[in-house]
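Residues per chain are reported as follows:
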Amino acid sequence: MAAPKVAVVGAGVIGLSTALCIAETCPSCSVMVLSDQFSPNTTSDVAAGMLIPHTYPGTPIHVQKQWFKETFTYLFAISNSAEASEAGIHLVSGWQVFKNTPKEELPFWSDVVLGFRPMSEAELQKFPQHRFGQAFTTLKCDCPPYLLWLEKRLKATGVQMYTRKVADLWELHSEYNIVVNCAGIGAHQLVGDEKLFPVRGQVLKVHAPWVKNFIRDGDGLTYIYPGIHRVTLGGTREKESWSLSPDPGATKGIFDRCCSLEPSLRGAQDIKVKVGLRPSRQCVRLQREVLSQGGVKLPVVHNYGHGAGGFSVHRGTAKEAARLVGECIAALQGSSSRAKL
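What you see is a predicted model, and the numbers here were worked out from it, not measured in a lab. (Residues numbered from 1 in each chain as written. Predicted model: local features only at pLDDT ≥ 70, side-chain atom pairs only at ≥ 80, totals over all residues. Heavy atoms only, no water.)

A. Expanded view of the nonpolar core. Ile22, Val33, Leu75 and Tyr146 are the most contacted members of the largest nonpolar core, which totals 66 residues. Of the residues forming this core, the biggest block, 9 residues, is contributed by helix H9 (residues 310-340). When near neighbours in sequence (up to four residues on either side) are disregarded, Leu75 contacts Leu51, Ile89, Leu139, Cys141, Tyr146 and His314. Trp95, Leu124, Ala135 and Ala268 belong to the second-largest nonpolar core, a separate cluster that totals 21 residues. (Core = buried A, V, L, I, M, F, W, Y, C linked by side-chain atoms within 4.5 Å. Buried < 20%, exposed > 50% of the residue type's maximum accessible area, 1.4 Å probe, protein only. Helix = DSSP H or I, 4+ residues; strand = E, 2+ residues; numbered from the N terminus. Contact = heavy atoms within 4.5 Å.)

Below you can see the structure in the form of structure tokens.
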């Protein structure tokens, strides 16, 4: 069979990293990325890019841990390379603080991040409203630079990128042998997934170069994540809201909550407001499916629904999606060799 043609739909962090994994593991493939939006206009561009996993109730913990570990290992190697600055990846230390001691004092990812430990009494004095905390070092991706770095890697590997609005996966069957659906929140309409819903997130990107440590309230709603050039302040989690317009009330609320954790932020300059829709469901949809119409079959691999946790597991889920693409190729080659008999 000729080199299989694979279309990856979606150009956020999931789509680009999935395309890269496919190109790396199936070098005989010809891979194209199709999306109506590329960086800086994707949901991933709004994300803070912190590697602190979100828990998916419908996915076994050992699977989530494997995805996180693979992603952490991959990004840690980049952070130790000459490409760290261009890729926007750096280590950041800080604290996750809780008003009450959580049921789970050791999260499943505690031995993947670096130097995880309970906070000391002296450290907790910085957060008088909080009674318990965890200190650790993790990785942060500055999202627009990382997406551009992924695009550059893809081009170097021979992957082509086209601006195209895909309304129905079936429209690709005459041009491609396999389609990979990384459409994020777009999958709600693209494949009619009723289990997928938006969780609207509003964040502020501010200039506050003196802030060096991350601070995250254990409820996940208030966080301060220092990047290379700007600090991300968050946030909101509004289920089923499709609005991309900034809400001035939410902006004030985010700023005030973050200043209560880090009062020096009152001096932050150049505040920009960003809004994104997290593609949320009970579990990431990572599976093979065969669409068929009139006896014609189109193998599809789905990889979407990462919600708030996309950056923490993107490389792990991309590797799994690439493995599923490999299975689709083997099945196609098997059927084409049987057809020759």
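Additional details are given in the paragraphs that follow.
B. Representation of the pattern of salt bridges within the structure. Using the criterion set out here, one finds 22 salt bridges in the structure. As a salt-bridge pair, Glu24 and Arg315 come within 2.9 Å of each other at their nearest N and O atoms. Within this pair, whereas Glu24 is found in helix H1 (residues 13-25), its partner Arg315 is found in helix H9, the two being separated by 291 residues in sequence. Its relative accessible area of 33% is what places Glu24 among the partly exposed residues. (Salt bridge = Lys/Arg side-chain N within 4 Å of Asp/Glu carboxyl O.)

C. View of the UniProt feature "binding site: D-dopa" (unreviewed entry) in the chain. Per the UniProt record, the feature "binding site: D-dopa" (unreviewed entry) sits at Tyr223 and Arg278. Within the fold, Tyr223 resides in strand S10 (residues 223-226). Overall, the relative accessible area of 7% leaves Tyr223 in the buried class. The buried category is assigned to Arg278, whose relative accessible area is 14%. Residue contacts for Arg278: discarding those within four places in its chain leaves Ile185, Phe197, Pro198, Val199, Arg200, Gly201, Tyr223, Thr236, Arg237, Gly307 and Ala308. (UniProt positions renumbered as here; feature names shortened; annotations may be inferred.)

D. Summary view of the packing of H1 against helix H6 (residues 143-156). At a closest axis distance of 10 Å, the pairing of H1 and H6 adopts a crossing angle of 25 degrees. Between H1 and H6, the interaxial angle falls into the category roughly parallel. Crossing angle aside, the handedness with which H1 passes H6 is left-handed. Every residue of H6 that contacts H1 at Val13, Leu16, Ser17, Ala19, Leu20 and Glu24 is listed here: Tyr146, Leu147, Leu150, Glu151, Arg153 and Leu154. Each residue belonging to the contact of H1 with H6 can be placed in one class, and the counts come to 8 nonpolar, 1 polar and 3 charged. (Axes fitted to C-alpha atoms, helices over the stretch in contact; angles between N-to-C directions. Parallel < 35°, antiparallel > 145°, perpendicular 65-115°, else oblique. Left-handed = near helix turned anticlockwise from the far one by under 90°. Nonpolar A, V, L, I, M, F, W, Y, C, P; charged D, E, K, R; others polar.)

E. Representation of the packing of aromatic side chains in the model. A full pass over the atoms with the stated rule returns 12 aromatic pairs. The interplanar angle of 50 degrees and the centroid separation of 6.0 Å between the aromatic rings of Phe98 and Phe132 together place this pair among those described as tilted. Here Phe98, found in strand S3 (residues 89-98), pairs with Phe132, found in strand S5 (residues 132-141); they are 34 residues apart in sequence, far enough to count as distant. Note on Phe98: relative accessible area 12%, which makes it buried. For Phe132, a relative accessible area of 12% corresponds to the buried category. Ring centres of Tyr223 and Tyr225 lie 4.8 Å apart, and the angle between their planes is 15 degrees; this geometry places the pair in the stacked category. In this structure Tyr225 comes out as buried when scored by relative accessible area, which is 6%. Within the aromatic cluster, the residues linked to one another by ring pairs are Trp109, Phe116, Phe136, Phe214, Tyr223 and Tyr225. The side chain of Lys5 reaches across the aromatic face of Tyr176, ending 5.6 Å from its centre. (Phe/Tyr/Trp six-rings, centres within 6.5 Å; stacked < 30°, edge-to-face > 60°. Lys NZ or Arg CZ within 6 Å of the ring centre and 35° of its normal.)

F. Up close: unusual backbone geometry. The linkage connecting Ser39 with the following residue, Pro40, adopts the cis geometry, with an omega of 10 degrees. Among the secondary structure elements, Pro40 is positioned in the loop between strand S2 (30-35) and helix H2 (43-46). With an omega of 0 degrees, the peptide bond running from Gly234 to Gly235 counts as cis. For Gly235, the location among the structural elements is in the loop between strand S11 (231-234) and strand S12 (238-239). With a phi angle near 65 degrees, Glu240 is a residue other than glycine that sits in the positive phi range. Along the chain, Glu240 turns up in the loop between S12 and helix H8 (248-261). Positive phi outside glycine occurs at Asp270, with the angle close to 50 degrees. Residue position: Asp270 is located in strand S13 (residues 269-293). Since its relative accessible area comes to 42%, Asp270 is described here as partly exposed.

G. Main features of the side chain of Thr251. Position of Thr251 among the secondary structure elements: in helix H8. The exposure class of Thr251 is buried, given its relative accessible area of 17%. When residues no more than four places from it in sequence are discounted, the contact partners of Thr251 are Gln202, Leu204 and Val273.

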